Structure formats: structure tokens, C-alpha cells
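A look at the structure
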Amino acid sequence: MHPILREYQGLMVDLDGTVFEGNRPVDGAKEGLAGHQVAYITNNASRSPQQVAEHLTELGFPTSPNQVMTSAMAACLMARSVLDDSDGVPPNVFVIGADSFKQLARETGLVVVDSADDNPAVVLHGHSPDNNWARLSEGALAIQRGARYIASNLDSTLPTERGFMVGNGSMVAAVTNATGVVPDAPGKPQPTMFEACMPQFEGRDVLVIGDRLNTDIAGGNNAGLPTLCTVTGVSTHRDVLAAAPGERPTYIAANMRDHLPGWSANLRQSGGAEILVTAGEEGPTNVMAAEALAAVAPIVWQQVDAGVSVEAITINGDGASARAAIDAWR
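Predicted model, so just to flag it, every value in this text is computed and none were measured. (Residues numbered from 1 in each chain as written. Predicted model: local features only at pLDDT ≥ 70, side-chain atom pairs only at ≥ 80, totals over all residues. Heavy atoms only, no water.)

Concerning the overall build of the protein
When helices and strands are tallied, the protein shows 11 helices and 17 strands. Here the C-alpha atoms of the protein give a radius of gyration of 21 Å, agreeing with the 20 Å that 2.2 N^0.38 yields for 330 residues. Counting only C-alpha atoms, the protein reaches 70 × 45 × 35 Å along its principal axes. A burial count over the protein gives 54% of its 330 residues as buried. For the protein, the share of sequence-separated contacts (at least 6 apart) that also reach a separation of at least 24 residues comes to 70%. Counting every atom, the protein has about 13900 Å² of accessible surface; 49% of that belongs to carbon and sulfur. Mean positive and mean negative side-chain charge positions of the protein (20 and 37 charges, respectively) differ by 3 Å. (Helix = DSSP H or I, 4+ residues; strand = E, 2+ residues; numbered from the N terminus. Rg over C-alpha atoms; globule rule 2.2 N^0.38 Å. Buried < 20%, exposed > 50% of the residue type's maximum accessible area, 1.4 Å probe, protein only. Contact = heavy atoms within 4.5 Å. Areas by Shrake-Rupley, 256 points an atom, 1.4 Å probe, with all protein chains shown as cover. Lys, Arg positive; Asp, Glu negative; His and termini not counted. Charge placed at Lys NZ, Arg CZ, Asp CG, Glu CD.)

Things to note about the packing of helix H3 (residues 71–82) against helix H4 (residues 99–107)
Each packed pair of helices is defined by two parameters, the angle between the axes and the distance between the axes. Remark: H3 packs on H4, axes separated minimally by 9 Å, with the N-to-C direction vectors making an angle of 40°. H3 and H4 meet at a crossing whose hand is right-handed. Facing H3, whose interface residues are Ala-72, Met-73, Ala-75 and Cys-76, H4 presents Phe-101, Leu-104 and Ala-105. Among the residues forming the contact of H3 with H4, the class breakdown is seven nonpolar, no polar and no charged. (Axes fitted to C-alpha atoms, helices over the stretch in contact; angles between N-to-C directions. Left-handed = near helix turned anticlockwise from the far one by under 90°. Nonpolar A, V, L, I, M, F, W, Y, C, P; charged D, E, K, R; others polar.)

Overview of the side chain of Asp-14
Considering the arrangement of structural elements, one finds Asp-14 in the loop between strand S1 (10–13) and strand S2 (20–21). Relative accessible area serves as the criterion here: at 7%, Asp-14 is assigned to the buried category. A polar atom in the side chain of Asp-14 sits 2.9 Å from the side chain of Thr-18. Setting aside residues no more than four positions away along its own chain, Asp-14 makes contact with Val-19, Ile-41, Lys-188, Ile-209, Gly-210, Asp-211 and Asp-216. (Polar contact = N/O pair within 3.5 Å; in protein donor to acceptor, adjacent residues only side chain to side chain.)

As for the nonpolar core
If you look at the biggest cluster of nonpolar residues, it comprises 33 residues, and the most contacted ones within it are Val-277, Val-296, Ile-315 and Trp-329. Counting residues per element, the ones that place at least two in this core are helix H8 (213–222), helix H9 (237–241), strand S16 (273–278), helix H10 (285–305), strand S17 (313–318) and helix H11 (320–327). Here this core takes 12 residues from H10, the largest share from any one element. Non-local contacts of Val-277, meaning those with residues more than four positions away in its chain, are made with Trp-263, Ser-264, Ala-265, Ala-292, Val-296, Ile-315, Asn-316, Gly-317, Asp-318, Ala-322 and Ile-326. Leu-11, Val-13, Leu-15 and Phe-61 belong to the second largest nonpolar core, which has 23 residues in total. (Core = buried A, V, L, I, M, F, W, Y, C linked by side-chain atoms within 4.5 Å.)

As C-alpha cells, then:
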């Protein structure tokens, strides 16, 4: 287990790219999560909490449905909160998404319809491999006729064991392009899901863990929680260096297990910003790369905030191991 995780009793953890990639666990995730109270917070709206829990359990992460918060759940709650059903008639919604998303909508007290001609008050949009032209177009028709547009999340990509697939945000972009309407989206980086999970931790110290800066890390930051970026998925080492203030993690690690102590970095000024990395304990290159990044990032951010561009900052390694770590940055 990474030593940072020992400082927290509760963890709010992203799934795709952080805990697993498709049907393959991310290296170090099992060891890192062991012994913690965990809530899984995912922007992927294609599976129900029950299905997510079953998938996690099959991969070796014993999980119950009440440990899972999906962006589909958050979208249904948002739809319910904004609709006026004071006359006692449940409102109609059209769902672009998986059958599990439709079932969540029904459980929330919404009536799921199959056509824009049924005058839905809201279009709910979540990721599903079955979303196609006909479904997107039917939703677009409903939005053009006045339906409110709510997307579970706006992630442009979806990490899998084969690479990055098309995410919900990319499909949402097609509907937005056709209608001119930008949806509300209660998924990450909004703090909604994190705040909804806080009561179950009963005052415990909680850490947010994820691989994507603009959703996981920004969402945890927006909720006022400390964040750990694992360099295991979407966001690269160089993305972290260039991160906007609201997307900068509190901690950086190769994964939830591995740590090599003693790595450090120092700022040198010689006609510009130069940072020299000194190696600590040696190990796998990917772990050394993350340790070098963790040492360098705060210095880079300080320089950027002072007006220095990232491109103007030179980062060098003191010795072969430090240079190998920097060379391994994506």
C-alpha cells in the first residue's frame, strides 16, 4: 500500500483507469484499497450499481451496491429535483443510455418514454455502447421541442484494456452540435457525487483517488477533499505539469501501491527556470517516473503561477536513474 493511503480511513475512488481497465485490474489497486472503507464514484453511466458491484467483486474487489455512486444516479436525482410534478403526475423523461439508466430513472419516480412524441420534460444522456444515430436523434428532437437536457457526465474518452474508446462527452457533443443546447451534467467534476457519499464516512478522513485531472481530481478539489492522481489512465505526466490550478492533485503516485522514497527536485535559475531532479530509491521505471513527477510538479506549478510558461521550464535529471524517470514521462 502506498504510504499516503495509510493516512486516510476512507477512500472515494474512480473506476475506469484507476481500479480497472475493462476486465483487467489496474496494477496495485487491490493492495492500495485493502483495509479501507471505500466508495466507488464513477462517471460511467452504462451499468447499474448492482452491475458495477458484481464486476468489481469478480475482479477481486468485494463490493456491495451501496458502495457505488454512478453519474446516472446523480443525473436522475437532478432530473427529479428540477421537474415540477406538483399535480401528482410523474414527469416523462427520454433516456439516451443503457437499460440500467432507464431503471434508475423509474426507481427515482420518473416515467421513461421511448419517443420525442411523448413530450418528455427531460432528456437524460449517459454512456452506452448501444447509443446510436436513431437514439441520439430522438433525443435531439425532444430537446428542440423544449425538453431539458441532462448528461450524466462529459468525459470525452473511456479507458479500456485496448486503449481509449469514445466516451459519453463525445456523444453529447453530437447532440449539442445538432441542437445548440449544452446539457447540465452532475457527474464529475461537479462535487455532487462526492458530497452525496460523505455521510457514510461519519467524520473519517477521506481521500479522493483518480486518474483523470479534469474530472476525478477537479471533482475532489471542488468538494474540498484531498486528492491523489495515479498515473495509470487518461492524464499523463505532462498533463499533470500543465494542470490548471483547480485540477492539480494534492498527491501524485504511479499507482495505489508502489512508492520509492528519497526522490527530490530543486529549482535553479539560469536565464530561465531549470529544475534538477535527484533520484532516491530505485525501482521500476514507471514508479520512478511518478516519483520524479511528484517532486517536480509543485515547483512547476509555483513557477507557472508566477508567470513562467510550462514550455519555458527545463527539467533535467541528476544521474542516469533520474534521467530515465524523466524520459519515461508520457
